Amino acid sequence: MKNIFALGSAATLAFVMATPAAFAGETLDRVMATKTLTMSSDAEYPPQSFLNDNNEMDGFDVDVGKEIAKRMGVELKIVTPSWDIITGGSWGGRWDMSVGSMTPTKQRAKVLNFPAVYYYTPAAFAVHQDSKIASLDDLSGKTIGSCGGCTYDAYLNKDLVIDAEGAPAFDYLVEAGEIKTYETDTHAFDDLRLGDGTRLDAAFSALPTIQAAIEGGYPLKVIGKPAFYEPLSVATDKGDPEFDAKITAIVDAMKADGTLQQLSEKWYGVDLTAVQ
């Protein structure tokens, strides 16, 4: 862990400590000193992360974050910045890690580190239950909604790059007529539930997220096979390899002792910790 060396003056020290760069290389020190691990999450992305009936953050990603904090011997604190801020990097110590179902790509790796892939999720298309669409071929030329700036949006625009180790190859199976993007996937479901073709003909999201919406009463149905499988990783800011190594070791241990599989089966009913 980085040691803070003596600076020429108290004024200079105060200036450096007030800037985001002061956090570079010191994440693990800060977490262990404060006994608090701060994680960014999304309050509207069930079953990965959401506010439960007790107004508490819950879900698969949340449970993974709690387990990481437990094994570090610290408390977990959750914050909910917007996705574009999370993926933009340069967090400045506002949070320490993202357990937010993020796909590790070379583009994102320019500003973030990805110390541990913790599960794989299938990407699927959903339509209104009254839709006559029966196959992926029928989706071509249709209006499709997805989260903006995410892998589903990139897939629909045919510029998706999943270059993480172990990611299976995929083909572009749908030619969207119009793409509508939303801050989060569930907002696309809200438009789709209004009726077949009212605002959307289909939505594109993670299969577990679609299934959770259906279980929650959304009148949707899944069409065709998954378009691709994406590895999803814990993300950290640049600057602290010791913190990254700690995360890697903890997640590896969670895989080895079956904890990750148990959490996946708890929230999804299946083991998504490996490509099926």
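Residues numbered from 1 in each chain as written. Predicted model: local features only at pLDDT ≥ 70, side-chain atom pairs only at ≥ 80, totals over all residues. Heavy atoms only, no water.

1. Some remarks on the overall build of the protein chain
When helices and strands are tallied, the protein chain shows nine helices and 11 strands. The long-range share in the protein chain, meaning contacts at least 24 apart out of those at least 6 apart in sequence, stands at 73%. As displayed, the protein chain has an accessible area near 12,800 Å², and 50% of this comes from carbon and sulfur atoms. (Helix = DSSP H or I, 4+ residues; strand = E, 2+ residues; numbered from the N terminus. Contact = heavy atoms within 4.5 Å. Areas by Shrake-Rupley, 256 points an atom, 1.4 Å probe, with all protein chains shown as cover.)

2. Some remarks on the sheet that holds strand S3 (residues 49–51)
Strand order in the open sheet formed by three strands is S2-S3-S4, and the pairing between neighbours is antiparallel. Only two strands of the sheet have a single neighbouring strand rather than two, namely strand S2 (44–45) and strand S4 (57–58). Taken together, the two bridges between S2 and S3 define a ladder with antiparallel strand orientation. Its bridge partner lying in S3, Glu44 is registered against Phe50. (Pairing = 2+ DSSP bridges.)

3. Some thoughts on the sheet that holds strand S11 (residues 220–237)
Strand order in the open sheet made by the eight strands is S5-S1-S6-S11-S7-S10-S8-S9, with mixed pairing throughout. The open sheet terminates on both sides in strands that have one partner only, identified here as strand S5 (75–79) and strand S9 (178–182). Direction aside, the axes of adjacent strands within the sheet are offset by 25° on average. In terms of strand pairing, strand S6 (residues 97–102) meets S11 through three bridges, oriented antiparallel. In the sheet register, Ser98 faces S11, and the bridge partner there is Ala235. (Axes fitted to C-alpha atoms, helices over the stretch in contact; angles between N-to-C directions.)

4. Notes on the packing of helix H3 (residues 60–72) against helix H9 (residues 259–268)
Viewed as axis vectors pointing N to C, H3 and H9 meet at an angle of 155°, and their least axial separation amounts to 10 Å. Taken together, the axes of H3 and H9 are roughly antiparallel relative to one another. Two packed elements cross with a definite hand, and for H3 against H9 that hand is right-handed. Only Thr259, Leu260, Leu263, Ser264, Lys266, Trp267 and Tyr268 of H9 make contact with H3, whose side of the interface consists of Phe60, Asp63, Val64, Glu67 and Arg71. (Parallel < 35°, antiparallel > 145°, perpendicular 65-115°, else oblique. Left-handed = near helix turned anticlockwise from the far one by under 90°.)

5. What to know about the side chain of Ser101
Relative to the elements of secondary structure, Ser101 occurs in strand S6. There is a polar contact of 2.8 Å between the side chain of Ser101 and the side chain of Asp61. Look past the residues within four positions of Ser101 in its chain and what remains in contact with it is Tyr45, Gln48, Asp61, Trp83, Tyr118, Tyr119 and Leu232. (Polar contact = N/O pair within 3.5 Å; in protein donor to acceptor, adjacent residues only side chain to side chain.)

6. Description of the packing of aromatic side chains
Remark: the centre distance and the inter-plane angle together describe each pair of aromatic rings, the angle taken between the planes. For the structure on display, the rule yields 18 aromatic pairs. Ring geometry for Phe60 and Tyr268: centres 5.2 Å apart, planes at 55°, overall tilted. Remark: Tyr268 occurs in helix H9 and Phe60 occurs in helix H3; sequence separation between them is 208 residues. When its relative accessible area of 0% is taken as the criterion, Phe60 is described as buried. Seen in terms of ring centroids, Tyr155 and Phe170 are 6.1 Å apart; in terms of plane orientation they differ by 45°. Their pairing is tilted. Note that Tyr155 is positioned in helix H5 (residues 151–156) and Phe170 in the loop between H5 and S9, a separation of 15 residues in sequence. Assessed through its relative accessible area of 0%, Tyr155 is described here as buried. Connected via pairs of aromatic rings, a cluster forms that spans Phe125, Tyr152, Tyr155, Phe170, Tyr172, Phe204 and Phe228. Of note, Arg193 hangs over the ring of Tyr218, and the distance from its end group to the ring centre comes to 3.9 Å. (Phe/Tyr/Trp six-rings, centres within 6.5 Å; stacked < 30°, edge-to-face > 60°. Buried < 20%, exposed > 50% of the residue type's maximum accessible area, 1.4 Å probe, protein only. Lys NZ or Arg CZ within 6 Å of the ring centre and 35° of its normal.)

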